[in-house]
Amino acid sequence: MTAKDSLDFKKQLKEQDKQFPMLQILDETGKVVDADGEKQVGLSNDELVQLFKNMLLSRQIDIRCTKLAKQGRMGFFAPTAGQEASQMASAFAFTEDDWLFPGYRDLPQIYSKGWPIWKGLLWSRGHQLGNIYTTEDDKPVNSWFPQIIIGAQFVEAAGVALGLKKRQKDAVAFVYTGDGGSSQGDTYEGINFAGAYKAPMVAFIQNNGFAISTPRDLQTAAQHLAAKGWAAGAPSIVVDGNDALAMYLASKTARAWAVAGNGPVVIETITNRLEPHSTAGDDPLRYRTKESIDEWWQKEPLIRFRKYLTDKKIWDEAQEEAYIAELDARIDADIEKANGVEKQKISSFLKNTLEVPGQAMSEQIKAFEEAGK
Ligand SMILES: Cc1ncc(C[n+]2csc(CCOP(=O)(O)OP(=O)(O)O)c2C)c(N)n1
């Protein structure tokens with residue numbers, strides 16, 4: 001390489017941009033644009049329908065939790081509408097032995113591993129029982145808690161991935177953050193560590209356009225968030241995060257690569273947050289236009305996947321109506337269950353914090369217990 005080529009910075013930036021074509025199998029209208037990709041997906045009709053049901057579950061929980069929040073009956077809630085393919089179709093590619101590391105917006109992926117909705121409701125209210133990751137019949141759910149500290153879950157995931165490798169488990173750690181999270185040091189440190197130790201980790205950067213009010217373009221000058229994985233030697237790709245088939249195929253392929261001992265993969269998903277950052281009072285119209293929100297609603301993932309399944313004649317309107325009624329009844333029962341759980345005492349919260357409490361905490365526990373709190 002000559003000095004002329006090496007020092008052509010403009011050319012280098014152009015070349016970088018070309019390295020990350022977006023993987024898409026289903027376009028916005030539900031038309032297959034990559035027939036070979038569709039073949040590689042390899043899901044049976046029943047599995048395709050199950051995946052759509054998982055996406056509907058996520059949407060329905062989102063609708064109900066937003067209502068609960070407006071009634072003051074929810075704790076912290078980060079809406080997920082628009083991200084159903086990015087979240088549920090990726091999670092669909094992992095096994096129950098794989099370890100999930102969610103961010104605060106990624107509760108749907110934990111539900112897809114069998115975590116009951118009522119526990120998620122308690123988590124949102126800060127109740128300690130909402131931090132117990134087991135199924136209704138007490139089987140372990142391999143998930144960490146939804147991380148609030150942005151990026152921290154990447155360091156945890158890298159550590160667990162290394163542990164899985166050392167124990168020769170047929171399992172990976174899969175971890176999620178957002179476009180904002182991709183600027184956090186921990187995110188890169190986790191990917192880099194997994195790369196250096198060839199630890200089986202699949203990292204998702206859900207580029208949903210905004211980090212609260214900070215738009216993607218102000219987040220970083222990097223042309224693609226996936227490029228951050230390259231610095232760690234990880235295969236890194238950009239996927240249409242609103243296309244369930246592309247998300248599933250990319251995740252399945254990344255999992256196979258990681259579990260075979262090749263190290264981590266980074267997947268940037270192009271999606272959009274259609275609702276406020278959280279239900280705590282964020283008003284998106286202060287930092288984005290109504291037109292841009294409307295535009296993304298046209299591209300949301302349920303529309304195109306529904307069309308695909310309907311064209312295949314394996315899903316119809318009546319089935320969807322019945323399934324949503326079923327989901328609503330299930331969510332009603334879970335809301336009842338969460339409401340019926342005994343109010344959290346300060347003493348029980350403290351008792352649950354450390355396995356062996358120190359002197360100061362022991363004194364606090366005693367004092368609160370004596371006060372009946
Ligand atoms: C280390 C850290 N810094 C700042 C915050 C405050 N904070 C909460 S959410 C958020 C934006 C994150 O945006 P992004 O990663 O794009 O995820 P999204 O909310 O869009 O899913 C920030 C800055 C935090 N939780 N943790």
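Basis of the calculations
Residues numbered from 1 in each chain as written. Predicted model: local features only at pLDDT ≥ 70, side-chain atom pairs only at ≥ 80, totals over all residues. Near = placed C-beta within 6 Å. Helix = DSSP H or I, 4+ residues; strand = E, 2+ residues; numbered from the N terminus. Nonpolar A, V, L, I, M, F, W, Y, C, P; charged D, E, K, R; others polar. Buried ≥ 20, exposed ≤ 12 C-beta atoms within 10 Å, placed from the backbone. Pairing = 2+ DSSP bridges. Right-handed = clockwise from strand over helix to strand, strands pointing away. Domains from an automatic or database assignment. Axes fitted to C-alpha atoms, helices over the stretch in contact; angles between N-to-C directions. Parallel < 35°, antiparallel > 145°, perpendicular 65-115°, else oblique. Left-handed = near helix turned anticlockwise from the far one by under 90°. Contact = placed C-beta atoms within 7 Å.

Asks: What exactly am I supposed to notice about the site of the ligand here?
Replies: In the vicinity of the ligand lie 15 residues, with I150, G178, G180, G181 and A211 positioned nearest. When residues of the shell around the ligand are traced back to their parent elements, those giving at least two are strand 3 (173-178) and strand 5 (210-211). Of the residues contributing to the shell around the ligand, the split by class is six nonpolar, six polar and three charged.

Asks: Help me out: how do you make sense of the pairing of strand 4 (residues 201-207) in this one?
Replies: Put simply, side chains in a regular strand alternate between the two faces of the sheet. Counting buried positions over the seven residues of strand 4 gives seven, a clear majority of the element. Side chains M201, A203, I205 and N207 of strand 4 all project onto a buried face; the interleaved residues V202, F204 and Q206 project onto the opposite face, where all are buried too. Sheet topology note: the strand 3/strand 4 ladder contains six bridges and is parallel. Bridge pairing in strand 4 links V175 to A203. Read as a crossover between parallel neighbours, the route from strand 3 over helix 9 (residues 185-196) to strand 4 is right-handed. Pairing analysis gives six bridges linking strand 4 to strand 8 (residues 265-270), with the strands arranged parallel. Bridge assignment links A203 to a residue of strand 8, and that residue is V266.

Asks: It is not clear to me how unusual backbone geometry should be interpreted in this structure. Could you clarify?
Replies: Peptide bonds are trans in most cases, and residues, glycine excluded, mostly fall at negative phi. A positive phi angle, near 65°, is found at D138, a position not held by glycine. Of note, Q168 is a non-glycine position whose phi angle comes to about 55°, a positive value. With respect to the helices, strands and loops of the structure, Q168 is situated in the loop between helix 8 (152-166) and strand 3. On the basis of neighbour count, Q168 is assigned to the exposed category, with 8 C-beta atoms found within 10 Å.

Asks: Sorry if this is basic, but what is going on with the domain arrangement of the protein chain here?
Replies: One can read the domain layout of the protein chain as domain 1 (20-280 + 289-342) and domain 2 (344-373). The gap between the C-alpha centroids of domain 1 and domain 2 is 36 Å.

Asks: Teacher, can you tell me more about the packing of helix 7 (residues 117-124) against helix 15 (residues 317-340) here?
Replies: In a pair of packed helices, the angle between the axes and the distance between the axes together describe the arrangement. Contact geometry of helix 7 with helix 15 gives a least axis separation of 8 Å together with a crossing angle of 50°. Considering their axes alone, helix 7 and helix 15 lie oblique with respect to each other. As for how helix 7 packs across helix 15, the hand of that crossing is right-handed. The segment helix 7 lies against helix 15, with I117, W118, L121 and L122 engaging I331, D334, I335, K337 and A338. The residue inventory of the contact of helix 7 with helix 15, partitioned by class, reads seven nonpolar, no polar and two charged.

Asks: Is there a simple way to think about the sheet that holds strand 1 (residues 22-23) in this case?
Replies: Strands in a sheet are paired, the pairing made by backbone hydrogen bonds, and the direction either parallel or antiparallel. Strand order across the open sheet formed by six strands is 1-7-8-4-3-2, with parallel pairing between neighbours. The outermost strands of the open sheet, each flanked by one partner alone, are strand 1 and strand 2 (99-101). Here strand 7 (residues 236-240) pairs with strand 8 via five bridges, running parallel. Across the sheet, the residue bridging to I237 is I267, located in strand 8.

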